[in-house]
Structure formats: C-alpha cells, structure tokens
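Secondary and tertiary structure notes
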Amino acid sequence: MTTAASPEPSAPVRSDFASDFLWGCATSSYQIEGAAREDGRVESIWDRFAATPGKVKDGSSGAIACDHYHRWPQDLDIGRDMGLNAYRFSIAWPRIFTGPGGQPNQKGLDFYSRLVDGMLERGLQPWATLYHWDLPQSLQDQGGWNNRATVDAYLAFVDAMTRCLGDRVQHWITHNEPWCTAIIGNFEGWHAPGLTDFKTALQVAHHVLLSHGKAVPLIRANVADAQVGIALSLHPVHAASAMPEDLAAAARHDGLRYRWFLDPLYGRGYPQATLEAIGDAAPVVLPGDLDAIAAPTDFLGVNYYFPETVQDDPGHAPLSARVLPPAPGTDTTFMGWEVAPQGLTELLLRIEQDYHPGPMYITENGSCYADQINADGEVDDVERRRYLMRHLQALATAIRAGAPVKGYFAWSLLDNFEWAEGYLKRFGLTHIDYATQQRRLKSSGKWYRGFLRGE
Ligand code: GCO
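Residues numbered from 1 in each chain as written. Predicted model: local features only at pLDDT ≥ 70, side-chain atom pairs only at ≥ 80, totals over all residues. Heavy atoms only, no water.

**Regarding the overall build of the protein chain**
Using the following cut-off: Going along the chain from the N terminus, every DSSP run of H or I of four or more residues is numbered as a helix, and every run of E of two or more is numbered as a strand. Throughout, radius of gyration means the C-alpha value; the globule benchmark is 2.2 Å times the number of residues raised to the power 0.38. The rule is simple: take the accessible area with a 1.4 Å probe, protein chains only, and divide by the maximum for that residue type; under 20% is buried, over 50% is exposed, in between is partly exposed. Throughout, a contact is declared for two residues whenever any of their heavy atoms are within 4.5 Å. Note on areas: these come from Shrake-Rupley sampling with a 1.4 Å probe, and a residue is covered only by the protein chains present in the view.
Helix and strand counts for the protein chain come out as 15 helices and 13 strands. Its C-alpha atoms give the protein chain a radius of gyration of 21 Å, near enough to 23 Å, the size a compact globule of 455 residues would have. Counting the 455 residues in the protein chain, one finds 58% classified as buried. Contacts in the protein chain between residues at least 24 apart in sequence constitute 77% of all its contacts with a sequence separation of at least 6. When the accessible surface of the protein chain is summed, it comes to about 16,800 Å², and 52% of that surface belongs to carbon and sulfur atoms.

Here's what the structure looks like:
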C-alpha cells in the first residue's frame, strides 16, 4: 500500500511527445478472454495450473475472466473512446492448435481475424503478441519449452497466425517477458507450469529466445513491411550498499535479469560472467542457435514496473543474491512494488547506451491499487492516475535525453486475471465488476482520455 504520498505531479501533455507517437493499452489473452472451452480451445498450462489447489490465491482461473471473447466489441469501443491509436493484445495458442499436429483451428483464426478487423474499424493499430504464457498443456506434457521440439511447434503457430493476419497486422511481438516464462514458471514455480528447477528454467529461456530468433524471418516472409520485436520485463538493478559483496551480487542478479536476454538478442551471446556463475545449469546451445537469436529486429518492447535493490546473500539460490523488499516508508503499490518513475528514465537510457536497439516501445507499464467503487458509482483511483502521469513525465525525460521511444502501452485496458493473484489485484484503467461484467472507466482512464484528446 502507499505509505508516503507523492506530490501531485504537474500534468504531462500530449504535445510533450512526437505527433506520431503511439498511444495504446495492453492486454493478454488468458487474462481477459475467458471462453476457455469454446470454439475448440484446448487446455493451456494456465488452466491446469489454476486448477491445482493452492496455486492461485483466490482459487480462481481465467475460465471466464472479463468474458472478452464475447464482449470484445465493447472493449475495443472503450479503447477507441479513450483516444488510443494502438492496442496490444495476445493470441491464445490453444485456440489455434487444438490437437497434436494438424491444421490450425478455423474458429480460433476467425476470432482473431474479427478482433483485428474490429481494431482497424476503430482506428486502433493492432500489436499482436504471439506468446503471453498460455502454452497448450499438450506441449507441456511433452516437456514444454524445455523440449526443443516446442520451438518447431511455436513456429507452426507463428506461421499460421502471420498468414492469417499478416495482411492487416504489421506489428508482431514474438514473446512477452521470457524471463517470467523461464524463471517464474520453471524455477520459482509460482507461475505455470510451476516447476522449480533452475537448469530447466535456463533451457526454457534458451528455447524461448531461439524460437523468437527463428520466428523473425518467418514473420518477415509472411507479412509485408513487418515490424517485429520482443517484449522484455526489465528493471533497473541497484546494489543495497556500496560494499563490494553487494555490488557483486547486484551484478550477478543483473546478469540474469537483463544481460542474459539482451546480450544474445543483440549478438553478444550469453554473458560470460553469468555463465560462470551458473556453472552446470548452463543451457545446451547448439551450433547456429546464437546466430538465430541475434536476428535483427525492428524494435524492442520494454515492460517496466519497478526497480530492484539487491543484497549479497550466500544462502540465496541460485546466485547468492537477494532482491530486498522496499524499505519501510517507500511509496509502493498494492502489489508492494516501489513506485519509481525515475527508474523508467534510467532504464531506457541504459538500454540505449548498452545496445542501441533502435526504436523502443513501452509495451507495458502500470500499477495495482485496491480500487473501490464510491457512492457516486465512480472509481476514483487517484494513485493510479498519479502513477500514470509521473511515468509519462519520466518517459518524456528519457526521450529528451536521447532514448528513441516511439510509443507507450498502459497496462492494462481492463482489470483482469492477475496470474497467481487471481482477481485480487487490479491493474485496469477500466474497472470490471466480475459478477455482472460491467465495465466502468476509472479516473485514471478518464485522465488518459483527456490527455490523449489534448484536454
Ligand atoms: C506482464 C504480465 C502482465 C501482468 C502485469 C502485472 O507482462 O508482466 O504479463 O500480464 O499482468 O505485468 O503484473
């Protein structure tokens, strides 16, 4: 919860940004769609995980979620009325490949085709994420991303989607947050598939990166003027003190959190110091893999939420480095994450300096608060509005200082299924009443609308 109130920021204005800047919101399939058994959709690892007692805090799942599968016209209307010119969504693989091998499921393709048409009709540039964590369970049963064959299955999925939508969707994000897929899902174990093996997690990370790299030329082959990138979850990493032990621990943590993904994507291979730190857990890398991963992309997607402070802790596996909780008195969200807009500026300038990735887009940024509907029927989420304003200011600062950022996608258009937190945590600019499926624009969403309209 917020403890230290931050001052009301002076409002950013749209004209602080380039006139062709993209303004969007982001969502993901499993978090909003529901319709888990409809039109041939098969089980995903999140269906299985959520059905396992104790994995999701409120015992819920994405089976219904925001019922976006049926209510998408209304949801896209919300985006249009907010004044967005772009919308980031993800495609549920289990709607498309519904059996072993075989042809893509026409009903699944048709759904995304209608959805994309709906975006175009509303002036929303579609940004499609191909993998936002909902792997078909049948592939997990064969080892999931730990199995190199999943790379080929992914490429078949990418091929089907880009053939289907490539005449209308130019912007493709291969993966959302490979660090989370690999480390949270396969080592920390509190996301699907819930494994807790570090070596598996690093092999998963390698296969995810490989699948990204191999998807890049495939997407280009199927989509005229394709713009292809990947979205990473990135955090400024600070040492807890100036002691050499903490500085070294922060560097080890950063090596896995930041460099492990960015170095190979930008042609440097895996960082040597991290390879040494992880020892036997290093992934199997076949000849040609690193060249494939380094396929040139058109943009980098940056998901930013909070910075991390790291302390040396010899007992803390796997890297003897512990991320500290925010100090008492720190301004935090309802997730307990530090509110640090300056971290966004710092992060973007660092990426630009380290990698020169070309155009960057903030593909996610947002905050969770314990929203309440007040007596007037409004959700006056002052803190989220302030979070948004301050991060847009930090973004403008980064751009002025030389970070080539071309767009911003707020997380999220709607409250939704927040993974292991279920429906206990809300990130939306739009409130969802899950009992009635009523949508209600929050103050933050109204502020974003006013900002986009130049009011
Ligand atoms: C992500 C997640 C989102 C989360 C958001 C808040 O990409 O990080 O995909 O799905 O809901 O980050 O935790």
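**Focus on the site of the ligand**
This is how it is decided: Nearness is judged by heavy atoms alone; a residue qualifies as near a molecule or strand once a single heavy atom is within 4 Å of it. Any N or O atom pair separated by 3.5 Å or less is treated as a polar contact, with the protein-specific requirement of one donor-capable and one acceptor-capable atom, and with residues adjacent in sequence counted only for side-chain atom pairs. For this scheme, ten residues count as nonpolar: Ala, Val, Leu, Ile, Met, Phe, Trp, Tyr, Cys and Pro. Four count as charged, namely Asp, Glu, Lys and Arg, and the remainder, Gly too, count as polar.
The local shell around the ligand holds 13 residues, among which Gln31, His132, Glu177, Glu364 and Glu418 are the closest. Measuring from an oxygen atom of the ligand, one finds a side-chain N or O atom of asparagine 176 at 2.8 Å. Note that an oxygen atom of the ligand is positioned 2.6 Å from one of the side-chain N or O atoms of glutamate 418. In the complex, the protein chains occlude 95% of the 310 Å² of accessible area that the ligand would expose alone. Along the lines of polarity and charge, the residues of the shell around the ligand split into six nonpolar, four polar and three charged.

**Looking at helix α5 (residues 106–121)**
For the record, the criterion: The span you would expect from a helix comes to 1.5 Å times its residue count less one.
Between its terminal C-alpha atoms α5 stretches 22 Å, which fits the 22 Å expected from 16 residues at 1.5 Å a residue. Three or more residues of α5 are buried, namely Gly108, Leu109, Phe111, Tyr112, Ser113, Leu115, Val116, Gly118 and Met119. Of the surrounding secondary structure, the elements contacted by the buried residues of α5 are α1 (29–32), α3 (68–82), β2 (86–90), α4 (93–96), β3 (125–129) and α7 (149–165). At the exit of α5 stands glycine 123, carrying a positive phi of roughly 75°.

**Concerning the sheet that holds strand β10 (residues 360–364)**
What holds strands together in a sheet is hydrogen bonding between their backbones, with the strands either parallel or antiparallel. Using the following cut-off: Strands qualify as paired when DSSP identifies two bridges or more between them. Here, axes are lines fitted to C-alpha atoms. For helices the fit covers the stretch in contact, and angles between N-to-C directions go from 0 to 180 degrees.
Strands sit in the order β1-β2-β3-β4-β5-β7-β10-β11 around a closed barrel of eight strands; the barrel is parallel. Between one strand and the next, the sheet's axes are offset by a mean angle of 25°, whatever the strand orientation. For strand β4 (residues 171–176) and strand β5 (residues 227–233), the ladder comprises four bridges, and the chain directions are parallel. The residue bridging tryptophan 172 from the neighbouring strand is valine 228, located in β5.

**Some remarks on the packing of helix α8 (residues 178–188) against helix α10 (residues 244–265)**
So the rule is basically this: Our angle categories are set so that under 35 degrees counts as roughly parallel, over 145 as roughly antiparallel, 65 to 115 as roughly perpendicular, and the remainder as oblique. Here a crossing is taken to be left-handed if its near helix is turned anticlockwise relative to the far helix by less than a right angle, and right-handed if that turn runs clockwise.
Two elements in contact, α8 and α10, have axes whose closest approach is 10 Å; the angle formed by their N-to-C orientations is 130°. When the axes of α8 and α10 are compared, the pair comes out oblique. Every pair of crossing elements has a handedness; the one defined by α8 and α10 is right-handed. Side by side, α8 and α10 meet where Pro178, Trp179 and Ile183 of the first sit next to Leu256, Arg257 and Phe261 of the second. By residue class, the composition of the contact of α8 with α10 is five nonpolar, no polar and one charged.

**Here we look at the pairing of strand β1 (residues 22–26)**
Among the five residues of β1, five are classified as buried, and the element is accordingly described as predominantly covered. Neither face of β1 is left uncovered, since the one carrying Leu22, Gly24 and Ala26 and the one carrying Trp23 and Cys25 both have all their residues buried. Here β1 pairs with strand β11 (residues 405–411) via five bridges, running parallel. Its bridge partner lying in β11, cysteine 25 is registered against alanine 410. Where β1 lies against β2, three bridges are found, and the strand directions are parallel. Within β2, the residue paired with glycine 24 across the bridge is alanine 86.

**Points about the pattern of salt bridges**
Pairing is possible between side chains that carry opposite charge, provided their charged atoms lie close to one another. Note the cut-off: Here, a salt bridge means any Lys or Arg side-chain nitrogen found within 4 Å of an Asp or Glu carboxyl oxygen.
Applying the stated criterion across every chain yields a total of 30 salt bridges. Here arginine 350 makes a salt bridge to aspartate 354, at a shortest N to O gap of 3.1 Å. Of this pair, arginine 350 and aspartate 354 both sit in helix α13 (residues 341–355), four residues apart, which is roughly one turn of that helix. Given a relative accessible area of 26%, arginine 350 falls into the partly exposed group. Among the residues examined, aspartate 354 registers a relative accessible area of 26% and is labelled partly exposed. Among the charged side chains, a salt-bridge network with shared partners connects Asp371, Asp381, Arg384, Asp415, Arg426 and Lys442.

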